[in-house]
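Geometric and topological summary
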Amino acid sequence: MADFARDSDTPAAAAAAPLAFPFDPPTPDGAVVELAPGILWARMPMPMQLDHINVYLLRDDDGWYIVDTGLNTETSRALWEQIAATRLDGLPFKGLLCTHFHYDHAGLADWLTRRFHIPLWMTHGEFYMMRALAVPLPEPEPDGLRLFHARAGMPAERIDAMIRGLRRDPFLPPQPESFQRLRAGQTLRIGGRSWQVVVGEGHSPEHACLYCAADRILIAGDQLLPRITSNVLVSSIEPEGNPLQLWLESLDRLEKLAPDTLVLPSHEKVFTGLPARVVGLRDHHYTQFGLVLAALAEADSATAFEVMGRLFPRRLSSVEEMMALGETVAHLSWLRYDGQVVRVLDEDGVYRFSVAA
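Residues numbered from 1 in each chain as written. Predicted model: local features only at pLDDT ≥ 70, side-chain atom pairs only at ≥ 80, totals over all residues. Heavy atoms only, no water.

1. Topic: the overall build of the protein chain
Helix and strand counts for the protein chain stand at eleven helices and 15 strands. With respect to the principal axes defined by its C-alpha atoms, the protein chain has extents near 65 × 50 × 35 Å. Of the charged side chains in the protein chain, 32 are positive and 46 negative; the average position of the first set lies 2 Å away from that of the second. (Helix = DSSP H or I, 4+ residues; strand = E, 2+ residues; numbered from the N terminus. Lys, Arg positive; Asp, Glu negative; His and termini not counted. Charge placed at Lys NZ, Arg CZ, Asp CG, Glu CD.)

Below, the structure is given as structure tokens:
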């Protein structure tokens, strides 16, 4: 599933340390921008609100590594053919690295590996989550999917609309059959640079960032985006999870990198200002915690679906509503595990939340 874009700028963070954007982005038509010797930035278009994904090319002695793929569309495949023919100085592709399993990042993994006869590199958790979610939603849908959303207070007709939206998903890709495993702390030597694998959690199970300490460059995927926030949600797959705790711990790890690091995100512009962005993202979620607590205090108790209206006041599509509800549950779960919120299963089978005494 592609990312759920939402603005996360806070006035205080933006005023204290604005980000810098040293490069104009490439147009999503096969153009590239050189960010450093042997590092190219390209964009793949996406037919949705978040209308692009950034992909990167790393030059090795005898070929190029691709970082992330774009959606499984004819347009993206044609652009990769164009890049291969015109942008690689006559060298071939030699490997594909996917930061995580979401199909804007790995949707062409099967096609690229087959078309160019190259291996796929991913973390273990991302590869197998990708494989687990590769098939269309079965008929009837899993009991747990409906139960999770019903217990969150989503009305039955909205659950039905969400399921119909999931069944209409046009981007489900075929899946590669094998991979080479990336591990946290592993070092990849590419084109004279050493790239350390930095694993983040919360947005996806084992999201791989790549960090070159010598040149202070971070290929950040969705772990650090310059303006929008990555969706961090609880779902029916792990209904008692606490992904926001994992996300905040991942921000702590990224905050230890060099403050003048050039950040190469998966969406929007390449930027500097890593410390300010970590602070902004952390502040965003603590602001959301405050909104959740205020909503619960005003209502005495509320369902996750009711709280969602406070966090996401704009009109949402059915699939966006699913993601927004999952993120609302994530904030409620963090507060619950922190002892600030209590949860009770009502007689009607719905979880209601209230501020802890």
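Now that the structure has been shown, the text picks up again.
2. A few points about the state of the cysteines
The final tally for this structure, using the stated rule, is zero disulfides. For the unlinked cysteine Cys212, the closest cysteine sulfur is that of Cys209, found at 14 Å. The class of Cys212 is buried, set by a relative accessible area of 2%. (Disulfide = S-S within 2.5 Å. Buried < 20%, exposed > 50% of the residue type's maximum accessible area, 1.4 Å probe, protein only.)

3. Considerations on the environment of Lys269
Its place among the elements puts Lys269 in the loop between β12 (262-265) and β13 (271-272). In this structure, the C-alpha to C-alpha distance between Lys269 and Phe21, residues 248 residues apart in sequence, is 6.5 Å. Each residue touching Lys269, except ones within four places of it in the same chain, is listed here: Phe21, Pro25, Trp41, Arg43 and Pro226. (Contact = heavy atoms within 4.5 Å.)

4. What about the confidence of the model for the protein chain?
Summarising the model, the protein chain shows a mean pLDDT of 94, and 95% of its residues fall at 70 or more. Confidence drops under a pLDDT of 50 for residues 9-16, and excluding neighbours within four residues, the segment shows six contacts in the predicted structure. (pLDDT = per-residue confidence, 0-100.)

5. Some remarks on the nonpolar core
With 51 residues, the main nonpolar core has Met162, Leu218, Leu224 and Leu296 as its most contacted residues. If sequence neighbours within four positions are ignored, Leu224 has contacts with Leu218, Leu251, Leu254, Val263, Pro265, Phe271, Leu274, Arg277, Val278 and Leu281. (Core = buried A, V, L, I, M, F, W, Y, C linked by side-chain atoms within 4.5 Å.)

6. Section: the side chain of Thr73
Structurally, Thr73 can be placed in the loop between β4 (63-67) and α2 (74-86). By relative accessible area, Thr73 is classed as buried at 17%. When neighbours within four sequence positions are excluded, Thr73 is seen to be in contact with Leu108 and Phe171.

7. Remarks on the sheet that holds strand β9 (residues 193-200)
Each strand in a sheet pairs with another by means of backbone hydrogen bonds, the pair being arranged parallel or else antiparallel. The mixed open sheet is built from six strands, whose spatial order is β8-β9-β10-β11-β12-β13. Each edge of the open sheet carries a strand with a single partner, namely β8 (187-190) and β13. Alignment of β9 against strand β10 (residues 207-212), held across five bridges, turns out to be antiparallel. The partner of Val198 across the bridge, within β10, is Cys209. (Pairing = 2+ DSSP bridges.)

8. Details of the sheet that holds β4
Strands sit in the order β1-β2-β3-β4-β5-β6-β7 across an open sheet of seven strands; the sheet is mixed. Sheet topology places β1 (33-36) and β7 (180-182) at the edges, where each strand pairs with a single neighbour. If you compare each strand with its neighbour and ignore which way they point, the axes differ by 30° on average. Across five bridges, strand β3 (residues 52-60) lies against β4 in antiparallel orientation. Across the sheet, residue Tyr56 finds its bridge partner in β4, namely Val67. The strands touched by helix α4 (residues 109-116) within the sheet are β4, β5 (93-97) and β6 (120-123), with β5 carrying the most contacts at an inclination of about 165°. Here helix α5 (residues 124-132) sits on the sheet in contact with β6 and β7, set at roughly 100° to β6. (Axes fitted to C-alpha atoms, helices over the stretch in contact; angles between N-to-C directions.)

9. A word on the packing of aromatic side chains
Applying the stated criterion across every chain, the model contains ten aromatic pairs. With centroids separated by 6.0 Å and ring planes inclined at 85°, the aromatic side chains of Trp111 and Phe116 adopt a geometry described as edge-to-face. Trp111 gets classed as partly exposed once you look at its relative accessible area, which sits at 22%. Taking the relative accessible area as the measure of exposure, Phe116 reaches 16% and is therefore buried. (Phe/Tyr/Trp six-rings, centres within 6.5 Å; stacked < 30°, edge-to-face > 60°.)

10. Considerations on the pattern of salt bridges
Throughout the structure, instances matching the rule amount to 23 salt bridges. When the shortest N-O distance is used, the salt bridge between Lys94 and Asp62 registers 2.7 Å. Here Lys94 is found in strand β5, whereas its partner Asp62 is found in the loop between β3 and β4, with 32 residues between them in sequence. For Arg167, the salt bridge is made with Glu139, and the minimal N-O distance between the two is 3.3 Å. Here Glu139 lies in the loop between α5 and α6 (143-151) and Arg167 lies in helix α7 (residues 156-167), a separation of 28 residues in the sequence. When its relative accessible area of 66% is taken as the criterion, Glu139 is described as exposed. (Salt bridge = Lys/Arg side-chain N within 4 Å of Asp/Glu carboxyl O.)

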